[in-house]
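Single-letter residue listing:
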Amino acid sequence: MSEPTSVAWHARTTASILTELTSSDAGLTQAEAARRLAADGPNAITGGHAVQPWRILLAQFKSLIIWLLVAAGAVSALLGDRVDAVAILTIVVLNAGIGFYQEYQAERSIAALQLLSAPLARVRREGAELEIPAAHVVAGDVLVLAGGDVVAADARLLQAASLHCIESALTGESEAVSKQATAEVAESAPLGDRDDMVFMGTSVTTGRGLAVVVAVAMRTELGHIAGLIEQADAAPKTPLQHRLDAFGRVLVWAALGIVGVLFGLGLWRGTPLLESTLTSVSLAVAAVPEGLPAVVTVALALGVMRMSRRRALVRRLPAVETLGSTSVICTDKTGTLTFGQMTVRQLYVAGARYSVSGAGYGPEGEVVVTPTAGSVSPTAAALGALAEVLVGSNSSQVALCDGVWRAIGDPTEGALLVAGQKAGADRARLDREYPHYHDLPFDSDRKCSTTIRRMGDGRLRAFLNGAPDVLLAHSTRIYTASGVRAMTEADRATWVAENTRMAQSSLRVLGSCVRDLADAAPDALTADVVERELTFVGLSGMHDPPRPSAIQAVADCRAAGIRVVMITGDHPHTAAAIAQELGIAPAGAPVLGGAALDAMDDAALRARVQDAAVYARVTAEHKLRIVRAWQSHDAVVAMTGDGVNDAPAIRGADIGVAMGRSGTDVTKQAADMIITDDDFATIVAAVAEGRGIYDNIRKTLLYLLAGNTGELLLMTVCVVAGLPSPLLPIHLLWINLVTDGLPALCLATDAPDAGVMQDTPRRRSERIANPGFLRSMLWTGVLTAGVTLAVYLVMLRTRDTADSRTAAFTVLVFAELLRSFGARSSTLPLWRIPLSTNPALLGVVTLSFALQFWSHHNTTWGLVLKTTHLPLIDGVVLLLLGAIPMVVLELQKAWRRHRTASAPQAGAWAVSAT
């Protein structure tokens, strides 16, 4: 039987649910369970579509540039020019191979979700408890829950005794959630407030319970998230891919148009078909920057290496540049902006306030008095008394695991234990001198927990922690600096005011009490007997603190024009306080909750999304909707997180970032990048790296296209004038792949500029080729083509066509190689850029010069490049002539800098960094 499609199980009575599921407190019969398993299938998260390698391979050939190169290679082969054909097709195959390898590293997000399902589950069938594979759990089964269990399916509680569950991976809530079978939950309650439900993949920390299964497999909340991940799997192209695709389309169609016109012109003028075809192929090769795919890949790969040294592991190459385009960072709170660990921040005892330093469960930190007007002078005895209660009432432990201090047991008790030890209590001494005798575990009705120890004189002493208002109601005495005395109404009002003050600071406040008891058997020590006539000792205020580096990182983002948005499953008050502390939102800024998001359709959310910086009590679906709403405003969105509930939004964002230490396997598999130190500041460093990589790609693209423009102009002028082709296809291919391509690879390795984070983010729709880019490209192309054409025309008057082509080819090579030194910056002249910062470029240019000169004097190499012999003196003259474009461009940059220094408002030819 498939589980019913009824909704809002949390808002229904257990009787109606058992009736609808045809079940009872005794569970299903074995026969009925087997029938339902056969009908509905196993209780497992199913995977998405299998990755098909052939589809990934075919996708590498969707680019128009690639198909133009394939066509050029095919025509070269038909014309018998095998060297050109092999060279062109080799480039195509290498590019496809690199792209295939990157994309075949596909994520297995849904497979990772399967690991969160409990391998075994305890169920009640026919009144007996059985342990069965979690995959065999069906709707209507009754789960038997205890501390340490992983919940096997979504279920409605039938019974609960001190039951607490950790749901942070699913909801983002950092604290263990108290579960109650009798809780009254509204139908519209968000996932984190459904206290009468337990969910697949969450874990039980303390207590016991019975729950009837209402959803299994893909119909669970975990399954719903798996569906959202699959839905979000078709991630949009990165901004760089969009820009390169758009630029490539313009480039290819423009080149094809010019080639077509000139081919037709040649035929009209009576040029032989073979010669017109050869010239057209040459023009096609001249127009396309063959080295661009390799340059982009190398630039991104080097960025990956640099980022790995900064503790950011990139799983997909394009994600490096995407980070540089990021304009909005949507971040989870728990474990990302905060430590994901409860920490006591304030203590109040005997009229004195104390601040507690340190974060998380580590021993680092101290307790210092906080001077306040009218406060009582602190005493070591009073602080020691509170510390003794915090440690003495504790059954949790803290331990160093894999270099991180973690709480073993209840996280709240772990935080109290650490605070008590910082305040001077000795856990080992307490356990030795005051051995544990009996426990009254936390109960949601009593709202407190009690630990009873036997003191050195044989008496019993109860140590209590719980809700301050409840403990105050049961207290008759208070602990003061001068000792214990009876509590007055004025004392009670003081404690209530202090509790309110802490709560308004978004601290979770617990009270601590003691009571001495007569010796009694544990069975006689009930809550009614023990938890009365208490001595109120003090208050503890705790929260999940922000990471110290996160505050500066948020400020850095703001300075760089990046919007930080906090999205959390926590309470709105907690979210607002943390956002204010981090600088994400000012005091009083609106906080949108899950209920408000449910009331908005996508259009309404798009209208509001730019006004809200804090979202609370949200689900996985809400997070994905927020990301998409920002994307609709042309924003490039990064999403960070660590829990399963973050995975769909991480997948759907332009750049998904998972936390390496606290992140679940699901989140890591869904992410484009993993931060190994879980530090939000590392993301900001990665953004700076991404911006630098984009700048490198852009200046490299300008270098390549300016060279190609010069080649195209040179070829076009000669064809229109009826001159022999000045360059053969092998010349153009050599220039594009070696003379241009190798220096371009070196340009892509330059370190990011120091001021890269001072610019505003690029918008998704922004073009690579803005007006400044095009002006620089055309002007450089005109200079290069002009010098080469002049040399070619002079040589044609005195030499044959082969020698003239060799001279034109050589001067063009020299011009391109020399220009690479100045291409490292659009603003600094080359004498202001030390060559020592890019030794690879110097080496490549030197080698290329040597190979070019060698082709003039080595017969075999000359046959390969189709060059003739040139005397050394002629080569030196051509080198000087080839330096003309570089000299003009560098003098122009120096003049622009001079004008800018004297008149900052003056215009410039410089290519904008954005």
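Our structure is the block above this text.
A few points on the structure. (Residues numbered from 1 in each chain as written. Predicted model: local features only at pLDDT ≥ 70, side-chain atom pairs only at ≥ 80, totals over all residues. Heavy atoms only, no water.)

**A look at helix H18 (residues 489-504)**
Part 1: Helix length check: H18, at 16 residues, gives a terminal C-alpha distance of 22 Å against a target of 22 Å (1.5 Å per residue), a fit within 8%.
Part 2: For H18, the set of buried residues is Asp491, Trp495, Glu498, Asn499 and Met502. Around the axis of H18, the buried residues are gathered within 100° of arc, so they sit on the same side. Relative to its buried face, H18 has exposed residues pointing more than 90 degrees away, namely Glu489, Ala490 and Gln504.
Part 3: A positive backbone phi angle near 60° is found at Ser506, which sits one or two residues after H18. (Helix = DSSP H or I, 4+ residues; strand = E, 2+ residues; numbered from the N terminus. Expected span 1.5 Å × (residues − 1). Buried < 20%, exposed > 50% of the residue type's maximum accessible area, 1.4 Å probe, protein only. Arc of directions from axis to C-beta.)

**A closer look at the sheet that holds strand S23 (residues 591-593)**
Part 1: Spatial ordering of the open sheet is given by S8-S27-S26-S25-S9-S22-S24-S23, a layout of eight strands whose pairing is mixed. In the strand order of this sheet, the two ends are held by strand S8 (312-314) and S23, each with one partner. The average undirected angle you get between the axes of adjacent strands in this sheet is 20°.
Part 2: Strand direction decides the pairing type here: strand S22 (residues 563-567) and strand S24 (residues 614-616), joined by two bridges, are parallel. By the bridge assignment, Ile567 is partnered in S24 with Tyr615.
Part 3: Running over the sheet, helix H24 (residues 620-631) touches strand S9 (328-332), S22, S24 and strand S25 (637-641) and is turned about 160° from S25. (Pairing = 2+ DSSP bridges. Axes fitted to C-alpha atoms, helices over the stretch in contact; angles between N-to-C directions. Contact = heavy atoms within 4.5 Å.)

**Thoughts on a nonpolar patch on the surface**
Part 1: A contiguous nonpolar patch, built from Leu872, Ile873, Val876, Val877, Leu880, Leu881, Ile884 and Val888 and spanning about 670 Å² of accessible area, is present on the exposed surface.
Part 2: Residue assignment for the nonpolar patch shows that the elements contributing at least two residues are helix H34 (872-882) and helix H35 (884-902).
Part 3: Ranked by residue count, the leading element in the nonpolar patch is H34, at six residues.
Part 4: Overall, the relative accessible area of 60% leaves Leu880 in the exposed class. (Patch = residues over 30% accessible without salt bridge, like charges linked within 9 Å, V, L, I, M, F, W, Y side chains within 5 Å. Areas by Shrake-Rupley, 256 points an atom, 1.4 Å probe, with all protein chains shown as cover. Salt bridge = Lys/Arg side-chain N within 4 Å of Asp/Glu carboxyl O.)

**Section: empty space enclosed by the protein**
Part 1: Counting across every chain of the model gives five cavities of 30 Å³ or more.
Part 2: Here the second largest cavity is characterised by a volume of approximately 50 Å³.
Part 3: Along the walls of the second largest cavity sit Leu170, Thr171, Pro190, Leu191, Gly192, Gly569, Arg617, Val618 and Thr619, which together make up its complete lining.
Part 4: Tallied by class, residues from the lining of the second largest cavity come to four nonpolar, four polar and one charged. (1 Å grid on protein atoms, 1.4 Å probe; cavity = no way out; pocket = protein on both sides within 12 Å on 5 of 7 lines; lining within 4 Å. Points joined across faces, edges and corners; volume = space filled by probe spheres on them. Nonpolar A, V, L, I, M, F, W, Y, C, P; charged D, E, K, R; others polar.)

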